[in-house]
Amino acid sequence: VVYAGIVDAMKGGASVAVSAAAHLDAGYHLHVIGFGSPEDIDRLRHQIETTRTVTECMVSYDGVLTGGKFLEFLQGCDIGLSTQLPDGPFNDTSFPSKVLTYLTNGLAVVCVRIRAVEQSRVAGAVTFYDGHEPEAVAHAIKSVRLPIECDSKALIADLDREFIAELRRVLSQVREQ
């Protein structure tokens, strides 16, 4: 299981992911990869150390990865987490790009129930949970059946083709005017 992205106290996603590990067993390894302020990374590392004392789930902060190393790391995982706080002011106006990144790399996605994702064309490929309780995240993780039945790479490729076709249509209409 991987949480990839910003480690930030305001968004809270990395912290919620690590808290969920306390409710997972030894069959899981929760990875956090990402960037943040030195203070936020230190807080996360301390939280991971504390969490390791109460769970058999392996929990690790694996640093900042980019490019091919990032993609290779993701493709070595099974489940991607989008665990931002559901009541954040940014949720009504932004779509978490990590959802698409995970799907593009063939991962099952566990995401907090936010309107932007729930009403998107990828919603059928996402396992949602409600609230921000670590138990709810862990329950959603455990409910994922592997291998995933949805061909998420094909879904993203189809959406890409549709977008390009629509963009061409719009641009041809602009040229005609």
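Residues numbered from 1 in each chain as written. Predicted model: local features only at pLDDT ≥ 70, side-chain atom pairs only at ≥ 80, totals over all residues. Heavy atoms only, no water.

Novice: Please clarify how the overall build of the chain should be interpreted in this entry.
Specialist: From N to C terminus, the chain includes 7 helices and 6 strands. What you see in the chain, going N to C, is helices and strands ordered as β-α-β-α-β-α-β-α-β-α-β-α-α. Against the globule reference of 16 Å for 177 residues, the chain gives a C-alpha radius of gyration of 17 Å, in line with a compact fold. The C-alpha extent of the chain, read off along each of the three principal axes, is 65 × 35 × 35 Å. Per-residue burial over the chain gives 41% buried out of 177 residues. For the chain, restricting intrachain contacts to residue pairs at least 6 apart in sequence, the fraction spanning at least 24 positions comes to 71%. Accessible area for the chain stands at about 9,800 Å²; split by element, carbon and sulfur atoms hold 53% of it. In the chain, 16 positive and 23 negative side-chain charges are present, and the distance between their average locations comes to 6 Å. (Helix = DSSP H or I, 4+ residues; strand = E, 2+ residues; numbered from the N terminus. Rg over C-alpha atoms; globule rule 2.2 N^0.38 Å. Buried < 20%, exposed > 50% of the residue type's maximum accessible area, 1.4 Å probe, protein only. Contact = heavy atoms within 4.5 Å. Areas by Shrake-Rupley, 256 points an atom, 1.4 Å probe, with all protein chains shown as cover. Lys, Arg positive; Asp, Glu negative; His and termini not counted. Charge placed at Lys NZ, Arg CZ, Asp CG, Glu CD.)

Novice: Explanation requested: unusual backbone geometry in the structure shown.
Specialist: Apart from glycine, the bulk of residues carry a negative phi angle, and the bulk of peptide bonds sit in the trans form. Omega for the peptide link from Leu-146 to Pro-147 comes to -5 degrees, which places this bond in the cis form. Along the chain, Pro-147 falls in the loop between α6 (134-143) and α7 (152-176).

Novice: Can you help me understand the side chain of Thr-55 in this one?
Specialist: Structurally, Thr-55 is set in the loop between α2 (38-52) and β3 (58-61). One polar contact links the side chain of Thr-55 to the main-chain carbonyl oxygen of Ala-21, over a distance of 2.9 Å. (Polar contact = N/O pair within 3.5 Å; in protein donor to acceptor, adjacent residues only side chain to side chain.)

Novice: Any chance you could explain a nonpolar patch on the surface here in plain terms?
Specialist: Taken together, the side chains of Phe-163, Ile-164, Leu-167 and Leu-171 present a nonpolar region at the surface, about 350 Å² in accessible area. Its location among the elements puts Leu-167 in helix α7. (Patch = residues over 30% accessible without salt bridge, like charges linked within 9 Å, V, L, I, M, F, W, Y side chains within 5 Å. Salt bridge = Lys/Arg side-chain N within 4 Å of Asp/Glu carboxyl O.)

Novice: It is not clear to me how the pattern of salt bridges should be interpreted in this structure. Could you clarify?
Specialist: A side chain of one charge can pair with a side chain of the opposite charge if their charged atoms are brought near each other. One pass over the full model with this rule turns up 7 salt bridges. Where Arg-113 meets Asp-130, a salt bridge forms, and the shortest distance between an N and an O atom there is 2.6 Å. You can see Arg-113 sitting in the loop between β5 (108-112) and α5 (115-118) and its partner Asp-130 sitting in the loop between β6 (126-129) and α6, a full 17 residues away along the chain. A relative accessible area of 48% means that Asp-130 is categorised as partly exposed. The residue Arg-169 makes a salt bridge to Glu-166 at a minimum N-O spacing of 2.4 Å. In this pair, Arg-169 and Glu-166 both sit in helix α7, 3 residues apart, roughly one turn of the helix.

Novice: For this particular structure, what's the right way to read the side chain of Ser-60?
Specialist: In this fold, Ser-60 is placed in strand β3. Under the relative-accessibility criterion, Ser-60 is labelled buried at 9%. At 2.8 Å, the side chain of Ser-60 and the side chain of His-29 are in polar contact. Setting aside residues no more than four positions away along its own chain, Ser-60 makes contact with His-29, Leu-30, His-31, Val-32, Ile-48 and Arg-52.

Novice: Looking at this structure, I do not really get the sheet that holds strand β4 (residues 79-82). What am I missing?
Specialist: Strand pairing in a sheet relies on backbone hydrogen bonds. The paired strands run either parallel or antiparallel. What the 6 strands build is an open sheet, ordered β3-β2-β1-β4-β5-β6; its pairing is parallel. At either end of the open sheet lies a strand with only one pairing partner, and these are β3 and β6. Across the sheet, the mean angle from the axis of one strand to that of its neighbour is 20 degrees, orientation sign disregarded. Here β4 runs beside β5; their pairing, made up of 4 bridges, is parallel. (Pairing = 2+ DSSP bridges. Axes fitted to C-alpha atoms, helices over the stretch in contact; angles between N-to-C directions.)

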